[in-house]
Amino acid sequence: MRAWALDADGLRAFVERYGTLTREALERDGLLIDPPPKGSALIAPACRSRAGELLLLGAEDLLYALLFGDRDAGVRLDRVERELLTLTMPRAKAHAVAFVLRAATEIGAHGT
């Protein structure tokens, strides 16, 4: 994260570079290799090329930097307020975002 020296321009550049990236493009370009259908299992490491894995790690780092990064971590974004982030997902997929969970509340519910 420090190597990024993340600031507003860096964030804008990331969004411009990857903002229109689709699953289909990731498959076409060989970053995803025979992934499971949408809405089913998580995309396992075996379904990602080395470049796909690096892209995912970069996206995880960016999310962490946006949520928790400060100047000591090389993040130079002017934050004007803090908000509560709520993620709703199946329990079986929760480990996919565990890297950003500082505190979590689990609510058992049956959805439709």
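The rules behind each value
- Residues numbered from 1 in each chain as written.
- Predicted model: local features only at pLDDT ≥ 70, side-chain atom pairs only at ≥ 80, totals over all residues.
- Heavy atoms only, no water.
- Helix = DSSP H or I, 4+ residues; strand = E, 2+ residues; numbered from the N terminus.
- Buried < 20%, exposed > 50% of the residue type's maximum accessible area, 1.4 Å probe, protein only.
- pLDDT = per-residue confidence, 0-100.
- Salt bridge = Lys/Arg side-chain N within 4 Å of Asp/Glu carboxyl O.
- Phe/Tyr/Trp six-rings, centres within 6.5 Å; stacked < 30°, edge-to-face > 60°.

## Let's talk about unusual backbone geometry
Most peptide bonds adopt trans geometry, and most residues besides glycine take a negative phi value. In the Ramachandran plot, Asp34 falls in the positive-phi region, its phi being about 50° despite a non-glycine side chain. Note that Asp34 resides in the loop between helix H2 (23-28) and helix H3 (50-68). Since its relative accessible area comes to 67%, Asp34 is described here as exposed.

## With respect to the confidence of the model for the protein chain
Summary statistics for the protein chain give a mean pLDDT of 85 and a share of 86% for residues scoring 70 or more. Confidence, read as mean pLDDT per element, is least for H3 in the protein chain (91) and greatest for H2 (97).

## Remarks on the pattern of salt bridges
Evaluated as defined, the whole model comprises seven salt bridges. Among the ionic pairs, Glu27 bridges to Arg23, the shortest N-O distance being 3.4 Å. Within this pair, Glu27 and its partner Arg23 are both found in helix H2, separated by four residues, close to a single helical turn. Between Asp29 and Arg28 there is a salt bridge; the shortest N-O distance is 3.3 Å. Classification of Arg28 as exposed rests on a relative accessible area of 62%.

## Details of the packing of aromatic side chains
Evaluation of the coordinates by the stated rule reveals two aromatic pairs. With a centroid separation of 5.0 Å and an interplanar angle of 55°, the aromatic rings of Tyr64 and Phe68 are classed as tilted. Linking Tyr64 with Phe68, this pair stays in helix H3, spanning four residues, or about one helical turn. Judged by its relative accessible area of 27%, Tyr64 is partly exposed.

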